[in-house]
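# Topology and contacts: notes
So the chains spell out like this:
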Amino acid sequence: MITVDGKTERIIADFPILARPTSRGKRLVYLDSAATSQKPRSVIQALVDYYEQYNANIHRGVYEIAARATDEYEHARVKLAHFIGAETNEIVWVRNTTEAVNLVAYSWGSANVRAGDAILLTELEHHSDLVPWQLLAERTGAELRFIPVDDRGRFILDDLDALLDGCKLVACAHVSNTLGTILPLDIVIPRAHAAGAVVLVDGAQAAPHLPVDVKALDADFYTFSGHKMLAPTGIGVLYGKHALLEAMPPFFSGGDMIRKVGYASTTFAQPPRRFEAGTSNIADAIAYGVAVEYLQEVGMDWVREHERGLTGYALRRLAEFEPRGLAIYGPRDPAAISGVISFNLADVHAHDLASILDTEGICVRAGHHCTMPLMEKMGWSATARASFYLYNTEADVDVLCAGIEKAARVFGI
Amino acid sequence: MITVDGKTERIIADFPILARPTSRGKRLVYLDSAATSQKPRSVIQALVDYYEQYNANIHRGVYEIAARATDEYEHARVKLAHFIGAETNEIVWVRNTTEAVNLVAYSWGSANVRAGDAILLTELEHHSDLVPWQLLAERTGAELRFIPVDDRGRFILDDLDALLDGCKLVACAHVSNTLGTILPLDIVIPRAHAAGAVVLVDGAQAAPHLPVDVKALDADFYTFSGHKMLAPTGIGVLYGKHALLEAMPPFFSGGDMIRKVGYASTTFAQPPRRFEAGTSNIADAIAYGVAVEYLQEVGMDWVREHERGLTGYALRRLAEFEPRGLAIYGPRDPAAISGVISFNLADVHAHDLASILDTEGICVRAGHHCTMPLMEKMGWSATARASFYLYNTEADVDVLCAGIEKAARVFGI
Amino acid sequence: MDDFYRDYILDHYRHPRNFGRLERVDAHAEDINPLCGDQIRMELELDDGVVKDIRFSGKGCAISQASASMLTERVKGMKLADVAKLSKDAVLEDVGIGISPTRMKCAMLGLRVLKSAAIGELAGWPDEE
Amino acid sequence: MDDFYRDYILDHYRHPRNFGRLERVDAHAEDINPLCGDQIRMELELDDGVVKDIRFSGKGCAISQASASMLTERVKGMKLADVAKLSKDAVLEDVGIGISPTRMKCAMLGLRVLKSAAIGELAGWPDEE
Ligand SMILES: Cc1ncc(COP(=O)(O)O)c(C=O)c1O
Ligand SMILES: Cc1ncc(COP(=O)(O)O)c(C=O)c1O
């Protein structure tokens with residue numbers, strides 16, 4: 001059964017790339033939004049407008065186009081703050097989630113983590129929310145601990161209080177990029193705070209797909225990337241509670257983050273500027289503002305519902321292949337996951353599966369999804385991953401299933 | 001006398017923003033390229049093409065658009081390497097010059113600089129090539145020294161060998177963004193190497209305006225920003241000799257810069273990937289490749305000659321105002337400077353001057369140009385700065401002079 | 001913007017009123033506009049909660065200096081509590097029309113410094129210097 | 001790409017030749033394709049500069065495993081010096097047409113590992129393990 005309501009159809013029409021056939025003349029069936037999302041026309045146009053109409057360096061220019069660039073850039077910050085329920089001065093522009101986590105690991109981490117402290121992660125962290133803490137632990141002598149997951153990637157919170165004992169920091173993905181699992185932050189954050197830990201939430205897979213309110217969550221830091229939520233590559237956000245940001249030493253230093261500089265010493269600006277050294281990614285920040293406006297117009301509740309419906313449909317359709325050896329990893333309940341499904345077809349390696357799907361215009365990711373330790377723990381060498389976003393439809397799932405059918409045929413399954 | 005040869009005219013036609021009148025109906029006379037440059041149509045189109053045709057995350061995608069994105073992204077690296085005479089694996093993508101300098105200060109600096117070592121800068125460094133070294137000196141107990149400049153901003157190299165004694169690092173701007181002074185790297189680098197120091201050159205103002213060959217210069221690190229050389233905001237380059245990069249510990253960590261990750265430890269990739277954590281600024285890197293292609297087609301020798309001629313013309317025209325109190329700072333010899341002129345008109349504050357020029361469509365920068373210590377040393381609280389690029393003409397200089405005339409009238413001078 | 005630079009503005013810029021330092025300083029504050037580097041220091045002598053004398057010092061553009069100069073004239077003899085409540089409009093009234101939005105921070109620098117001196121004194125903030 | 005997965009490729013994938021470990025290892029190397037996680041280890045037994053026996057182990061996609069498997073068949077009995085000089089073409093000849101450029105690294109993983117074992121042995125590199 002294929003249903004595309006009018007709203008989804010209108011959304012699809014906003015994404016130019018989706019109207020472009022592949023080199024084999026196939027319709028592009030883009031099921032890799034967890035890696036990066038496609039961009040609507042309005043976001044692309046925001047870049048063009050910036051460069052054709054008012055490109056100028058910001059903050060220090062008195063002339064007209066510099067004033068407009070500064071206004072639009074700072075206004076984008078307001079939009080991002082609004083999008084996650086933060087204050088404007090709690091939004092630090094960064095390149096991506098990875099930079100945001102590293103910034104906290106270096107600036108907050110070096111100032112606050114000491115030998116013997118513990119840092120609590122989960123077993124399904126993306127490398128970007130794992131390796132920076134490994135390096136911090138190495139620098140400081142802190143200990144890394146992990147919230148375990150069961151064989152379907154569901155969190156085991158039974159020992160949470162013991163794990164939190166002596167913890168300075170909890171750093172965890174809001175949504176797993178490999179399995180889609182949603183971490184119950186409403187349980188983890190209050191208990192982490194009760195244990196005296198600061199909580200960084202890696203929202204790279206959540207901010208694009210779920211309504212997020214950082215104040216309601218009471219997250220101390222929240223990190224996410226524009227490119228996964230309709231915005232250009234090269235721009236992301238570190239949210240931090242203002243009091244935390246204010247107490248943090250600067251990290252990058254240079255132009256635009258200073259108050260007064262002498263040859264011998266320097267006074268730094270207040271957050272968020274303190275953490276934004278050098279010429280910002282002005283155009284992409286402005287376009288990011290347009291992207292979240294687009295998401296807000298569609299409605300994040302609608303996005304979540306749309307993806308939940310689609311994930312449910314996909315789980316049902318994929319299950320038809322189970323008798324032929326298709327394995328679905330991760331929780332089977334669409335309410336417990338975001339729109340991400342990892343799977344493998346019998347003895348077909350995920351890369352071979354993805355290559356065959358590619359011949360049908362289907363884009364899925366194959367590999368370790370930057371979660372090597374999880375893969376090793378689970379004993380999977382690679383998985384294929386389909387991930388959905390607001391422009392995907394049940395028709396896309398049907399094409400995916402036809403592609404899997406083809407792979408099964410090629411491999412004689 | 002106004003001369004615009006056919007080539008300049010064709011160049012101007014490539015920059016959409018230059019065809020757009022200001023809100024007061026004036027022609028945009030953009031004299032602030034040292035802050036950021038304007039962008040030609042081909043660079044803007046490269047962004048549109050990427051987002052409309054083949055936007056996808058790179059390196060790990062097996063499907064068609066991911067392959068194309070990876071190819072174009074890595075091909076842009078080849079173009080950048082070619083542009084400065086480097087090897088491809090010596091080009092690390094960063095956000096901007098500021099990040100490049102910070103990366104070296106944290107990664108190379110923390111591994112190599114010890115208490116008692118000296119770091120040699122010059123008195124006219126941009127904050128981005130000053131504050132990171134102040135912080136490194138603070139962390140390590142190293143000593144900062146400065147190559148002095150005279151009252152016109154010319155380098156005084158008499159004591160260079162004494163200054164180099166005990167130096168681990170020399171970090172210096174190739175071209176001053178405030179005065180345009182070109183540092184004689186052919187003198188400084190060999191002597192620094194003879195003294196055993198590593199040399200980082202801040203090329204933010206040089207790479208856009210002069211032919212640069214990092215191998216001929218024998219620079220160890222060379223840093224520059226795309227946005228000052230026709231490319232988008234949000235992308236820049238750290239060049240490092242491969243042996244140096246290879247010996248450096250990783251800095252940012254996370255996706256895409258690793259080889260193998262376990263829960264406890266991680267093996268890192270080779271440079272340049274080792275330093276590029278997380279999803280790169282793919283679109284802007286590709287557009288950066290298009291930008292340097294544009295510059296190479298125009299010819300960097302032509303750019304330099306064009307700006308030298310224009311600077312000479314501007315110095316002559318501005319000199320006409322000297323009897324009425326206009327002060328020109330920096331060397332007066334167009335061969336000794338890049339296309340940057342700092343000046344003040346009598347007792348008119350630079351910001352007031354810039355505001356009045358703005359009413360005539362003229363964009364100049366006013367302030368400390370992120371070189372506060374230099375300003376303080378010189379006793380200037382602010383200067384107005386006009387800077388030229390390949391799309392500027394003598395007609396622009398004439399409009400500037402008419403604007404200065406207007407400011408003089410308003411201020412009764 | 002060019003119509004902003006009227007004669008009385010330039011006069012205040014070139015001949016600032018109440019410029020300099022005070023012998024007796026009961027409240028003061030100082031700030032810098034990081035965007036342009038303009039600096040202003042305000043010193044107040046108080047008498048029973050009233051501004052008895054005031055001086056400003058600093059350097060900067062015509063907008064920041066002239067508006068600070070006019071502001072000192074306006075507040076002499078005013079109650080400190082009223083100074084703490086001064087709004088942007090007071091400055092705009094003084095300096096007149098024509099300031100572009102980019103330069104508004106320059107115009108308000110003196111006011112910001114003066115108000116923080118007043119509020120700090122009223123609240124008994126610890127002296128920062 | 002779909003026409004790449006011919007019967008003999010799938011056969012080598014599902015029934016790799018010379019798979020496992022050797023008793024006596026005179027040269028070996030191991031590598032991982034960081035893009036997809038494919039791993040290959042090659043072990044060689046040498047006799048007077050000639051490949052007397054060879055085993056590969058690892059895991060990965062059909063392309064990397066089948067091409068490694070075919071490669072082991074090709075080099076048995078070859079002079080180590082010739083193994084060190086093997087070119088991409090040898091692999092392409094073995095596996096046939098249809099590999100997309102993105103997957104070329106998979107096809108060449110076995111060759112890269114084998115060559116580094118050979119070159120390392122010839123040059124007397126220090127053993128890395
Ligand atoms: C000499 C010099 N160095 C460093 C920088 C910093 O460049 P960015 O702001 O692109 O990091 C600039 C530009 O502002 C500059 O002119
Ligand atoms: C959960 C999670 N965290 C972090 C990242 C890293 O994001 P980025 O590559 O934009 O820094 C990703 C995306 O790849 C992710 O899915």
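Calculation criteria
Residues numbered from 1 in each chain as written. Chains lettered and ligands numbered in written order. Predicted model: local features only at pLDDT ≥ 70, side-chain atom pairs only at ≥ 80, totals over all residues. Heavy atoms only, no water. Helix = DSSP H or I, 4+ residues; strand = E, 2+ residues; numbered from the N terminus. Rg over C-alpha atoms; globule rule 2.2 N^0.38 Å. Buried < 20%, exposed > 50% of the residue type's maximum accessible area, 1.4 Å probe, protein only. Contact = heavy atoms within 4.5 Å. Areas by Shrake-Rupley, 256 points an atom, 1.4 Å probe, with all protein chains shown as cover. Lys, Arg positive; Asp, Glu negative; His and termini not counted. Charge placed at Lys NZ, Arg CZ, Asp CG, Glu CD. Near = heavy atom within 4 Å. Polar contact = N/O pair within 3.5 Å; in protein donor to acceptor, adjacent residues only side chain to side chain. Least-squares fit on C-alpha atoms with pLDDT ≥ 70 in both. Buried area = accessible area lost by both parts, 1.4 Å probe. Salt bridge = Lys/Arg side-chain N within 4 Å of Asp/Glu carboxyl O. Nonpolar A, V, L, I, M, F, W, Y, C, P; charged D, E, K, R; others polar. Pairing = 2+ DSSP bridges. Axes fitted to C-alpha atoms, helices over the stretch in contact; angles between N-to-C directions. Domains from an automatic or database assignment. Phe/Tyr/Trp six-rings, centres within 6.5 Å; stacked < 30°, edge-to-face > 60°. Disulfide = S-S within 2.5 Å. Parallel < 35°, antiparallel > 145°, perpendicular 65-115°, else oblique. Left-handed = near helix turned anticlockwise from the far one by under 90°.

Attention shifts here to the overall build of chain A. Counting its regular elements, chain A contains 14 helices and 15 strands. Computed over C-alpha atoms, the radius of gyration of chain A comes to 22 Å, within 12% of the 22 Å expected from 2.2 N^0.38 for 413 residues, which places it in the range of a compact globule. Along the first, second and third principal axes, the C-alpha set of chain A runs to 70 × 55 × 35 Å. In chain A, which comprises 413 residues, the share counted as buried stands at 70%. By sequence separation, contacts in chain A at least 24 residues apart represent 72% of the contacts at least 6 residues apart. Summing over all exposed atoms, chain A offers an accessible surface of approximately 12000 Å²; the carbon and sulfur share of this is 51%.

With that settled, the discussion passes to the overall build of chain C. A tally of helices and strands in chain C yields 5 helices and 3 strands. Walking chain C from its N terminus toward its C terminus, one meets helices and strands in the order α-β-β-β-α-α-α-α. In terms of overall size, chain C behaves like a compact globule, its C-alpha atoms giving a radius of gyration of 14 Å where 129 residues would be expected to give roughly 14 Å. Judged by the C-alpha coordinates and their principal axes, chain C covers about 40 × 25 × 25 Å. The 129 residues of chain C split such that 52% are buried. Expressed as a percentage of contacts within chain C between residues at least 6 apart in sequence, the contacts between residues at least 24 apart total 64%. Distance between charge centres in chain C, computed from 18 positive and 23 negative side chains, equals 3 Å.

On to the site of ligand 1, then. The environment of ligand 1 is made up of 14 residues, and the closest members are A:T279, B:T98, B:D202, B:S225 and B:K228. Chains contributing residues to the immediate surroundings of ligand 1 are chains A and B. Backbone polar atom of B:T97 to an oxygen atom of ligand 1: 3.3 Å apart, as the coordinates give it. Note that an oxygen atom of ligand 1 is positioned 2.6 Å from one of the side-chain N or O atoms of B:S225.

Glancing now at the relation of the copies chain A and chain B. Once chain A has been moved 0.0 Å along the axis and rotated by 180 degrees, it coincides with chain B to within an RMSD of 0.0 Å. As the rotation angle and translation indicate, the two copies are arranged about a two-fold axis. Across chain A, the smallest distance between a C-alpha and the rotation axis is recorded for A:G234, namely 3.2 Å. Comparing interface residues between copies, 100% of those in chain A also sit at the interface in chain B, which points to an isologous, same-surface contact.

Before going further, it helps to examine the arrangement of the chains. The top pair by number of contacts, from a total of 5 pairs of chains in contact, is chains A and B. The two units chain C and chain D remain apart, with a minimum C-alpha distance of 45 Å.

How big an interface is tends to be stated in terms of the accessible area lost upon association of its parts. Of the residues lining the interface, 95 residues belong to chain A; the matching set on chain B comes to 95 residues. Here chain A and chain B share an interface that buries about 7500 Å² over both sides, 57% of which is from carbon and sulfur atoms. Of all residues in chain A, the largest losses of buried area upon contact with chain B belong to A:Y51, A:Y63 and A:Y263, amounting jointly to 12% of the total for that side. Here A:E99 and B:R95 are joined by a salt bridge, their closest N and O atoms 2.8 Å apart. When residues in the side of chain A that touches chain B are grouped by element, the largest group, 8 residues, is from helix 2 (residues 41–54) of chain A. Broken down by class, the residue content of the side of chain A that touches chain B amounts to 46 nonpolar, 32 polar and 17 charged.

Right, let's talk about the pairing of strand 3 (residues 50–59) of chain C for a bit. Moving residue by residue along a regular strand, the side chains alternate between the two faces of the sheet. Residue and element names in this part refer to chain C. Examined bridge by bridge, strand 2 (residues 39–47) and strand 3 share 9 bridges and lie antiparallel to one another. Directly across from R41, in strand 3, lies its bridge partner S57. Hairpin connection between strand 2 and strand 3: a loop of 2 residues separates the two successive antiparallel strands, and D48 in this loop has a positive phi of roughly 55 degrees.

Turning to the site of ligand 2, a few remarks are in order. In the neighbourhood of ligand 2, 15 residues make up the surrounding shell, with A:T98, A:D202, A:S225, A:K228 and B:T279 lying closest. The environment around ligand 2 is built from residues contributed by chains A and B. Between ligand 2 and the protein, one listed contact pairs an oxygen atom with a side-chain N or O atom of A:S225 at 2.6 Å. One of the side-chain N or O atoms of A:H227 is found 2.7 Å from an oxygen atom in ligand 2. When ligand 2 sits alone it has 390 Å² of accessible area, and the protein chains cover 96% of it. Here the residues of the shell around ligand 2 are counted per class, giving 2 nonpolar, 11 polar and 2 charged.

Right, let's talk about the sheet that holds strand 15 (residues 383–387) of chain B for a bit. Residue and element names in this part refer to chain B. The sheet built from 4 strands is open, its strands ordered 11-12-15-14 with antiparallel pairing. At either end of the open sheet lies a strand with only one pairing partner, and these are strand 11 (326–328) and strand 14 (365–367). Geometrically, the sheet is characterised by an average inter-axis angle of 30 degrees between neighbouring strands, direction not taken into account.

With that settled, consider the domain arrangement of chain A. Residue and element names in this part refer to chain A. What the domain assignment lists for chain A is domain 1 (6–30 + 299–410) and domain 2 (45–297). Put simply, the middle of domain 1 and the middle of domain 2, counted by C-alpha atoms, are 28 Å apart. Facing the 36 residues of domain 1 at the interface are 33 residues of domain 2. Both sides together, the interface formed by domain 1 and domain 2 hides about 2700 Å², and carbon and sulfur atoms give 60% of it. Looking only at domain 1, the three residues that lose the most surface to domain 2 are M300, L374 and Y389, adding up to 22% of its buried area. The interface formed by domain 1 and domain 2 includes 1 salt bridge.

A complete count under the given rule lists 43 aromatic pairs over all chains for this structure. With centroids separated by 6.4 Å and ring planes inclined at 70 degrees, the aromatic side chains of A:W108 and A:F221 adopt a geometry described as edge-to-face. On the criterion of sequence distance, the pair formed by A:W108 in helix 4 (residues 97–112) and A:F221 in strand 7 (residues 221–225) is long-range, its members being 113 residues apart. This pair shows no difference in class: A:W108 is buried, exactly as A:F221 is. Relative to C:Y5, the ring of B:F411 has its centre 5.1 Å away and its plane inclined at 45 degrees; by these criteria the two rings are tilted. Remark: C:Y5 occurs in the segment before helix 1 (7–14) and B:F411 occurs in the segment after helix 14 (394–410); the pair is interchain, linking two chains.

This model, assessed by the stated rule, comprises 0 disulfides over all chains. Unpaired in terms of disulfides, A:C172 finds its nearest cysteine sulfur in A:C167, a separation of 11 Å. The thiol of B:C401 is unpaired, and the distance to the nearest cysteine sulfur, on B:C363, comes to 16 Å. The buried category is assigned to B:C401, whose relative accessible area is 2%.

Bringing the packing of helix 11 (residues 300–319) of chain A against helix 14 (residues 394–410) of chain A into the picture now. Residue and element names in this part refer to chain A. Here helix 11 crosses helix 14 at 25 degrees, and the two axes come no closer than 10 Å. Between helix 11 and helix 14, the angle is such that the two are roughly parallel. The hand of the helix 11/helix 14 crossing is right-handed. Between helix 11 and helix 14, the residues in contact are L310, Y313, A314, R317 and L318 and E394, V397, D398, C401 and I404, respectively. Considered class by class, the residues forming the contact of helix 11 with helix 14 number 7 nonpolar, no polar and 3 charged.

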